[in-house]
Amino acid sequence: MDVDIRLLRYFQAVAEEGALTRAAGRLYVSQPALTKQVRRLENELGVRLFTRSRTGMALTEAGRALAAHVPDVLEGWERALRDTRRAADRAARVLHVGYLAGGANEATPGIVAEFGRRQPGRRAEMRQAPWSDPTGGLAAGSVDVGLLRLPFPGQQAWRIVELFSEPRWVALPADHPLAARTTIPFRDLWDEPFVAAPARTGAWRDYWLAADEREGRPVRIGAVVDQPDDWLGAIANGYGVALAPASAARFYARPTVVYRPTEGVSPSSVGVVWAPADAADPVVRDFVSCCVDTVAAASPGGGTPRKPHI
């Protein structure tokens, strides 16, 4: 029997979330479409996988048996895809680099250029990921290495070298009452609504809300976005303010959005990230060295460079 791998992903999401609504949000599909796909899987297998009720979706005995195997099946499939893509990339002499909104900022062009000098005939191809994936594509296996903001969920599973840090500033609508100040204490922002990343990004979202630096005050969420343009639009339209790297004032300058230094909030770090399985890969190691050497030569955006061992 052949089963569409997508159906297994849908099944896993419903099994883990215990509700169609939450699973549909996680998968970016409509609830009716997800219900249809779950039924399709049940029909193909000839078994009932869930007991449906007003409180949610409970696994049947058959569903629990399938749920025990699905993670290994999906992991094996992802591993096969990664190996296949990696073989194709190596043949094409391309290193895919994932990043989120800015990457390593001003250092990125220098890193890419240095990599090209050290690896003639090979190129680093930058791939921007949405904020819903703080791993920049590493977790999905769509990139070989990442230039990422730290911390991010599950980062203990990856090899990381911190490259530099920079202050976190606040982005506000240009007509916001606090925009006239030159510096804004973070406590003056505690009651403001914030523009946030999707909730499933967990610790990464909490970090950019500075949830642990509010002395227990709850965060007000004014809007949830997944892309820089939507983020800028939400701020400009007055749905909330947001913390951002100081370099965002240069990379995402808009007449309707202003950036101000913020006192009382910790800085942001950028790291180069790769899989432990690639620790001995000479191409990955060379890219990491390019990152370290380029940042050491010139601190980007006024950030503080690191001098780590690889």
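Computed from a predicted model, the values in this text were never measured in an experiment.

Colleague: Sorry if this is basic, but what is going on with the overall build of the protein here?
Modeller: Summing up its helical and strand segments, the protein has nine helices and 14 strands in all. For the protein, the spread of C-alpha atoms along the three principal axes comes to 65 × 50 × 30 Å. Relative to its full complement of 310 residues, the protein shows a buried share of 47%. Once local pairs closer than 6 in sequence are excluded, the contacts in the protein between residues at least 24 apart make up 74%. Between the averaged position of the 38 positive side-chain charges in the protein and that of its 35 negative side-chain charges there is a distance of 2 Å.

Colleague: What should I look at first to understand the confidence of the model for the protein in this one?
Modeller: If pLDDT is low for a region, its predicted coordinates should not be looked at in detail. Per-chain confidence: the protein averages 88 in pLDDT, with 92% of residues scoring 70 or above. For the stretch residues 300-310, pLDDT sits under 50, and the model shows 31 contacts to residues farther than four places along the chain or on other chains.

Colleague: Would you mind going over the packing of helix α1 (residues 5-17) against helix α3 (residues 31-45) with me for this structure?
Modeller: If you want to describe how two helices pack, look at the angle between their axes and the distance between the axes. Two numbers describe how α1 lies on α3: the axes approach to 9 Å, and their chain directions differ by 110 degrees. Taken together, the axis directions place α1 and α3 in an arrangement best described as roughly perpendicular. Handedness of the α1/α3 crossing: left-handed. Together, R6, L7, Y10, F11 and V14 of α1 and L34, Q37, V38, R40, L41 and E44 of α3 make up the contact between the two elements.

Colleague: Which parts of the structure should I look at to understand the nonpolar core?
Modeller: If you look at soluble globular proteins, the nonpolar side chains tend to sit buried side by side. Ranked by internal contacts, the top residues of the largest apolar core, which has 46 residues, are W131, F186, V195, W231, L243 and Y259. At the level of secondary structure, the elements contributing two or more residues to this core comprise β5 (145-150), β7 (168-173), β9 (193-196), α6 (203-208), α7 (228-236), β11 (242-245) and β12 (257-263). Here the element with the most residues in this core is α7; it accounts for four residues. Other than its neighbours up to four places away in sequence, V195 contacts L209, A223, V225, W231, A234, I235, G240, V241 and A242. If you look at the next biggest cluster of nonpolar residues, it comprises 23 residues, including L95, V97, A124 and V288.

Colleague: Explain unusual backbone geometry here, please?
Modeller: What is expected of a backbone is that most residues other than glycine have negative phi and most peptide bonds are trans. The residue after L150, namely P151, is reached through a cis peptide bond having omega 0 degrees. For P151, the position within the fold is in the loop between β5 and β6 (159-166). Even without being a glycine, E215 presents a positive backbone phi close to 55 degrees.

Rules and cut-offs
Residues numbered from 1 in each chain as written. Predicted model: local features only at pLDDT ≥ 70, side-chain atom pairs only at ≥ 80, totals over all residues. Heavy atoms only, no water. Helix = DSSP H or I, 4+ residues; strand = E, 2+ residues; numbered from the N terminus. Buried < 20%, exposed > 50% of the residue type's maximum accessible area, 1.4 Å probe, protein only. Contact = heavy atoms within 4.5 Å. Lys, Arg positive; Asp, Glu negative; His and termini not counted. Charge placed at Lys NZ, Arg CZ, Asp CG, Glu CD. pLDDT = per-residue confidence, 0-100. Axes fitted to C-alpha atoms, helices over the stretch in contact; angles between N-to-C directions. Parallel < 35°, antiparallel > 145°, perpendicular 65-115°, else oblique. Left-handed = near helix turned anticlockwise from the far one by under 90°. Core = buried A, V, L, I, M, F, W, Y, C linked by side-chain atoms within 4.5 Å.

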